[in-house]
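# Residue-level structural notes
Here are the chains, one letter per residue:
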Amino acid sequence: MKERRNNMRIMLACASGMSTSLLVEKMKEAAINAGNDDKIWAVAQEEVEEELGNFDVLLLGPQIGLALQRMKDLVENVPVAVISPLDYGRRNGEAVLKMAHNLVEKGE
């Protein structure tokens, strides 16, 4: 198991890069509250390739969940997962932040 990091680079991708902006802000708040210095940002799914090498984990908005395998193939050794529709809809930054950290710890 990998050591827990408090300075992860977490990138979210969605259809346009805009619908995740509120979730990103909630995740930033949760990171600060947890004492983490994580960098968290969102892009449109078309921009993921331009960001290769710049993130430790990639989280996909539920609306592009069907792109999961394509994204996994694109980023290769970086954990990729789809955000739970419930957490996404509720903008549960704490839960999504925990998900990101767990993915990196497990190396999935």
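Residue positions are given per chain, counted from 1 along the sequence in the order it is written. This being a predicted model, a pLDDT of at least 70 is required before a residue's local features are given, and a value of 80 or more before pairs of side-chain atoms are given or counted; all residues contribute to the totals for chains, interfaces and linings. Water and hydrogen atoms play no part in the side-chain values, which are based on all heavy atoms of the structure.

Taking an unreviewed UniProt entry as the reference, the chain is identified by name as PTS system, Lactose/Cellobiose specific IIB subunit belonging to Solobacterium moorei F0204.

Moving on to the UniProt feature "modified residue: Phosphocysteine" (unreviewed entry) in the chain. Mapped onto the present numbering, the UniProt feature "modified residue: Phosphocysteine" (unreviewed entry) falls on Cys14. We count a stretch as a helix when DSSP gives it H or I for four or more residues in a row; a strand needs E for two or more, and each element gets its number in order from the N terminus. If you trace the backbone, Cys14 turns up in strand β1 (residues 9-14). Relative accessible area decides the class of each residue, using a 1.4 Å probe on protein chains only: under 20% of the type maximum gives buried, over 50% gives exposed, and in between gives partly exposed. Taking relative accessible area as the criterion, Cys14 reaches 0% and is therefore assigned buried. Those residues in contact with Cys14, other than ones at most four positions away along the chain, are Ser19, Thr20, Val43, Ala44, Gln45, Gln63, Ile64 and Tyr88. UniProt positions are given in the numbering used here, feature names are shortened, and annotations may be inferred rather than shown by experiment. We call two residues in contact whenever any of their non-hydrogen atoms come within 4.5 Å of each other.

By convention a nonpolar core is built from buried Ala, Val, Leu, Ile, Met, Phe, Trp, Tyr and Cys residues, the set being connected through side-chain atoms within 4.5 Å. Counting 21 residues, the largest nonpolar core has Ile10, Leu12, Met27, Ile40, Val57 and Leu59 as its most contacted members. Mapped onto this core, the elements with two or more residues apiece are β1, α1 (21-33), β3 (57-60) and α4 (93-106). The biggest single contributor to this core is α4, with six residues. Setting aside residues no more than four positions away along its own chain, Leu12 makes contact with Thr20, Leu23, Val24, Met27, Ile40, Trp41, Ala42, Val43, Leu58, Leu59 and Ile83.

Once that is clear, we can look at the packing of aromatic side chains. By convention, a stacked pair of Phe, Tyr or Trp rings (six-membered ring in the case of Trp) has centres within 6.5 Å and planes under 30 degrees apart, an edge-to-face pair has planes over 60 apart, and any other such pair is tilted. Across all of its chains, the model carries zero aromatic pairs by this definition. Against the face of Trp41 rests Lys39, its NZ or CZ located 4.6 Å from the ring centre. Put simply, a charge is over a ring when the Lys NZ or the Arg CZ is close to the ring centre, within 6 Å, and near the line of the ring normal, within 35 degrees. Taking the ring centre of Tyr88 as reference, the NZ or CZ of Arg91 above it sits at 5.1 Å.

The subject of this paragraph is α1. Each full turn of the α-helix corresponds to 3.6 residues, which orients residues three or four apart in the same direction. Given a rise of 1.5 Å per residue, 13 residues ought to cover 18 Å, and the 19 Å separating the end C-alpha atoms of α1 matches this to within 8%. Every buried residue belonging to α1 is among Leu23, Val24, Met27, Ala30 and Ala31, and all of these are buried. Looking straight down α1, one finds its buried side chains confined to an arc of 120°; they lie on one side. Facing away from the buried surface of α1 by more than 90 degrees, the exposed residues are Leu22, Ile32 and Asn33. The elements touched by buried residues of α1 are β1, β2 (39-44), β3, α3 (85-90) and α4. A positive phi of about 75° marks Gly35, the residue just after α1. A helix is expected to span 1.5 Å multiplied by its residue count minus one. This arc corresponds to the set of directions leading from the helix axis out to the C-beta atoms.

Any two strands are treated as partners once DSSP identifies two or more bridges connecting them. The four strands are arranged β2-β1-β3-β4 in an open sheet whose pairing can be described as parallel. In this open sheet, the two edge strands, each paired with only one partner strand, are β2 and β4 (80-82). Averaged over all pairs of adjacent strands, the angle between their axes in this sheet comes to 25°, without regard to strand direction. In the sheet, β1 pairs with β3 via four bridges, with the strands oriented parallel. From the neighbouring strand, Met11 faces β3, where its bridge partner is Leu58. The sheet strands contacting α1 are β1, β2 and β3, and the helix crosses β2 at an angle near 170°. Inter-axis angles, ranging from 0 to 180 degrees, are taken between N-to-C directions of lines fitted to C-alpha atoms, where helices are fitted over the stretch in contact. Running over the sheet, helix α2 (residues 68-75) touches β3 and β4 and is turned about 165° from β4.

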